[in-house]
Amino acid sequence: MERHDNLRLRPPRHRVDRRAIGWWTLQSALFALPLPLVFGILWASIPPTREFFMWATLISLVPGLLYMAVMPAWRYRVHRWEATNEAVYAASGWLWQQWRVVPLSRVQTVDTLRGPIQQLFGLSGVTVTTASAAGAVKIKGIDHKLAGDLVEYLAKSTQAVPGDAT
């Protein structure tokens, strides 16, 4: 059995791209603003129910604005990644934070993902999949070119590292 004595759970060295803050802010706006917007339209449109919809708008808007203000910056502080000759390291989350280290000998596939909003910001995500039940390591919010370089590096590195993922 292969040993990875030098691998330990530690903070990865690289932050995600700063543009990820804008990406996460736009995502949070798309999640947080539709309900207050509907309540605001109803408040303006139906005079007999104005007081109710005024309160409904405020009650739904305030938590959404707090979420939009806090979550992206907090996630940016937490999300980090690193790829070495031995492993891929990733830290993610904001309320529930996760740190993972995957030895290169365990990597089965490496993929990129670019959703429409990521494309607007020039960002990509990289998913490193293993056979483990713990699932994939996802690095989200890195520069599109850097993601391509990372995938290429990991593809070459995993071919050079003997292990049990093949």
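Residues numbered from 1 in each chain as written. Predicted model: local features only at pLDDT ≥ 70, side-chain atom pairs only at ≥ 80, totals over all residues. Heavy atoms only, no water.

Engineer: Describe the overall build of the chain, listing the residues and the values that go with them.
Structural biologist: Helix and strand counts for the chain come out as five helices and seven strands. Counting every position in the chain, which comprises 166 residues, the buried fraction comes to 38%. Nonlocal contacts in the chain, meaning residues at least 24 apart in sequence, comprise 57% of its contacts between residues at least 6 apart. (Helix = DSSP H or I, 4+ residues; strand = E, 2+ residues; numbered from the N terminus. Buried < 20%, exposed > 50% of the residue type's maximum accessible area, 1.4 Å probe, protein only. Contact = heavy atoms within 4.5 Å.)

Engineer: Just give me the short version of the pattern of salt bridges, but keep the residues and values in it.
Structural biologist: All chains considered together, the criterion is met by five salt bridges. Here D17 ties to R19 by a salt bridge, and the two come within 2.9 Å at their closest N and O atoms. Residue class for R19 comes out partly exposed when judged on its relative accessible area of 32%. With a closest N to O distance of 2.6 Å, D143 and R19 form a salt bridge. Residue D143 is located in strand β7 (residues 137-143), and its partner R19 is located in helix α1 (residues 19-32); the two are separated by 124 residues in the primary sequence. (Salt bridge = Lys/Arg side-chain N within 4 Å of Asp/Glu carboxyl O.)

Engineer: I'd like a rundown of the sheet that holds strand β3 (residues 87-92), residues and numbers included.
Structural biologist: Pairing is antiparallel across the open sheet formed by four strands, whose spatial order is β1-β2-β3-β4. The open sheet terminates on both sides in strands that have one partner only, identified here as β1 (14-15) and β4 (98-103). Relative to the sheet, helix α5 (residues 144-160) contacts β2 (80-83) and β3, its axis offset from that of β2 by approximately 40°. (Pairing = 2+ DSSP bridges. Axes fitted to C-alpha atoms, helices over the stretch in contact; angles between N-to-C directions.)

Engineer: Give me empty space enclosed by the protein: which residues, what numbers.
Structural biologist: Throughout the structure, instances matching the rule amount to one cavity of 30 Å³ or more. Its boundaries defined by the atoms lining it, the largest cavity holds a volume of some 40 Å³. If you go around the largest cavity, the residues you meet are V16, H79, R80, W81, A90, A91, S92, K138, I139 and K140. For the lining of the largest cavity, the secondary structure elements donating two or more residues are β2, β3 and β7. (1 Å grid on protein atoms, 1.4 Å probe; cavity = no way out; pocket = protein on both sides within 12 Å on 5 of 7 lines; lining within 4 Å. Points joined across faces, edges and corners; volume = space filled by probe spheres on them.)

Engineer: Describe the side chain of S28, with residues and values.
Structural biologist: Mapping S28 onto the fold places it in helix α1. Exposure remark for S28: the relative accessible area of 1% places this residue in the buried category.

Engineer: I'd like a rundown of the nonpolar core, residues and numbers included.
Structural biologist: Counting residues in hydrophobic clusters, the biggest one holds 24 residues, and the most contacted among them are V126 and I142. Those elements that provide at least two residues to this core are α1, α3 (50-78), β3, β5 (107-113), β6 (123-130), β7 and α5. For this core, the element with the most residues is α5, which contributes four residues. Counting only domains with at least three residues in this core, you end up with domain 1 (15-77) and domain 2 (85-159). Excluding anything up to four places from it in sequence, I142 contacts V16, D17, W81, G122, L123, S124, V126, A147 and L150. (Core = buried A, V, L, I, M, F, W, Y, C linked by side-chain atoms within 4.5 Å. Domains from an automatic or database assignment.)

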